[in-house]
Amino acid sequence: IKSTRFKTKYYIILAIIKDNTDWQDLFEGSLSNINNSQNISALLFFKQSGINNSARDQSKTFIMGTIISHCREAVSSPDPWTKTSKFLFAQGLTYLSMGGLLFASPRTFGSLVFIEDSQMTNIEAWRLLGMEVGIVGYFYATNARSKHFAKTSVLDRILPVPLLLVGQAQLGTPKVLCYLFAVVEPLLGVLTSLSLTSEENTESKKD
């Protein structure tokens with residue numbers, strides 16, 4: 001019986017992988033050595049599990065539907081635009097612009113922030129930092145309306161981010177920008193915290 005059960009699982013998996021519509025015949029044939037009650041129970045269990053072509057199609061449709069629904073909710077968030085969310089959104093757009101320019105043309109970015117070409121020896125490292133800044137900006141822009149995200153960004157910017165930037169500067173990433181962001185990030189975190197506190201005080205007065 002144990003060997004037959006193993007074969008049963010094997011045939012089921014094989015039938016599903018090959019998208020075989022006759023999986024029930026394979027299933028019934030593989031259980032020929034088991035008594036009728038076990039056969040019926042196994043068939044009922046297998047049918048109830050919903051592992052067939054139509055169920056798989058419904059499952060795929062359901063998964064795609066939930067993904068599309070969540071994407072729509074992310075784009076049209078019910079959370080209102082507040083001063084803090086607008087502030088975070090502006091930071092995100094700024095970081096996206098800076099990161100995009102730094103990734104596409106490091107020397108152009110350097111000339112705008114008064115960094116001499118002699119300091120830009122490893123261009124690929126500058127591009128890598130630009131990509132990181134752009135990704136951070138993307139998350140700030142897309143999560144700006146989330147109050148929980150705003151609070152966690154305060155924590156991240158004050159504690160781990162400066163330490164990571166200083167460590168990254170020691171590993172060969174452009175030190176000028178790493179040290180610059182190590183100062184700017186905590187400052188923006190403090191400003192975000194003050195904005196959140198102001199909004200909470202305003203809400204408490206309304207109540």
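Residues numbered from 1 in each chain as written. Predicted model: local features only at pLDDT ≥ 70, side-chain atom pairs only at ≥ 80, totals over all residues. Heavy atoms only, no water.

Novice: Hey, could you run me through the overall build of the chain in this one?
Specialist: In terms of regular secondary structure, the chain is built from 10 helices and zero strands. For the chain, the N- to C-terminal ordering of α and β elements is α-α-α-α-α-α-α-α-α-α. A buried classification covers 29% of the 207 residues belonging to the chain. Accessible surface computed for the chain: about 13,700 Å², of which carbon and sulfur atoms make up 63%. (Helix = DSSP H or I, 4+ residues; strand = E, 2+ residues; numbered from the N terminus. Buried < 20%, exposed > 50% of the residue type's maximum accessible area, 1.4 Å probe, protein only. Areas by Shrake-Rupley, 256 points an atom, 1.4 Å probe, with all protein chains shown as cover.)

Novice: It is not clear to me how the nonpolar core should be interpreted in this structure. Could you clarify?
Specialist: Note that soluble globular proteins tend to have their nonpolar side chains buried in a common cluster. Core analysis: the biggest nonpolar cluster contains 14 residues, and Leu-102, Trp-126, Leu-177 and Phe-181 have the highest contact counts within it. Those elements giving two or more residues to this core turn out to be helix H5 (83-104), helix H7 (123-142) and helix H10 (175-206). For Leu-102, the residues in contact, after removing those within four places along its chain, are Phe-109, Trp-126, Arg-127, Leu-129, Gly-130 and Leu-177. Residues Tyr-140, Ala-144, Phe-149 and Ala-150 belong to the second largest nonpolar core, which totals seven residues. (Core = buried A, V, L, I, M, F, W, Y, C linked by side-chain atoms within 4.5 Å. Contact = heavy atoms within 4.5 Å.)

Novice: Would you mind showing me how to read the packing of helix H8 (residues 147-158) against H10 here?
Specialist: The description of two helices packed together rests on the angle between their axes and the distance between the axes. It is at 8 Å that the axes of H8 and H10 come closest, and there the two elements cross at 145 degrees. Between H8 and H10 the crossing geometry is left-handed. Only Glu-185, Pro-186, Leu-188, Gly-189, Val-190, Thr-192, Ser-193, Leu-196, Glu-200 and Glu-203 of H10 make contact with H8, whose side of the interface consists of Lys-147, Ala-150, Lys-151, Ser-153, Val-154, Arg-157 and Ile-158. Here the contact of H8 with H10 is composed, by residue class, of seven nonpolar, four polar and six charged. (Axes fitted to C-alpha atoms, helices over the stretch in contact; angles between N-to-C directions. Left-handed = near helix turned anticlockwise from the far one by under 90°. Nonpolar A, V, L, I, M, F, W, Y, C, P; charged D, E, K, R; others polar.)

Novice: I'm lost on the pattern of salt bridges in this one. Help?
Specialist: Two side chains that carry opposite charge are able to pair once their charged atoms sit near each other. Counted under the stated rule, the structure contains three salt bridges. Lys-147 is paired through a salt bridge with Glu-203; the nearest N and O atoms lie 3.6 Å apart. With Lys-147 in helix H8 and Glu-203 in helix H10, this pair connects stretches of sequence that are 56 residues apart. Judged by relative accessible area, which is 35%, Lys-147 ranks as partly exposed. The shortest N-O distance in the salt bridge between Lys-151 and Glu-200 comes to 3.4 Å. Highlighted residues: Lys-151 in helix H8 and Glu-200 in helix H10, separated in sequence by 49 residues. (Salt bridge = Lys/Arg side-chain N within 4 Å of Asp/Glu carboxyl O.)

Remember that the coordinates give geometry; whether it matters functionally is a separate question.
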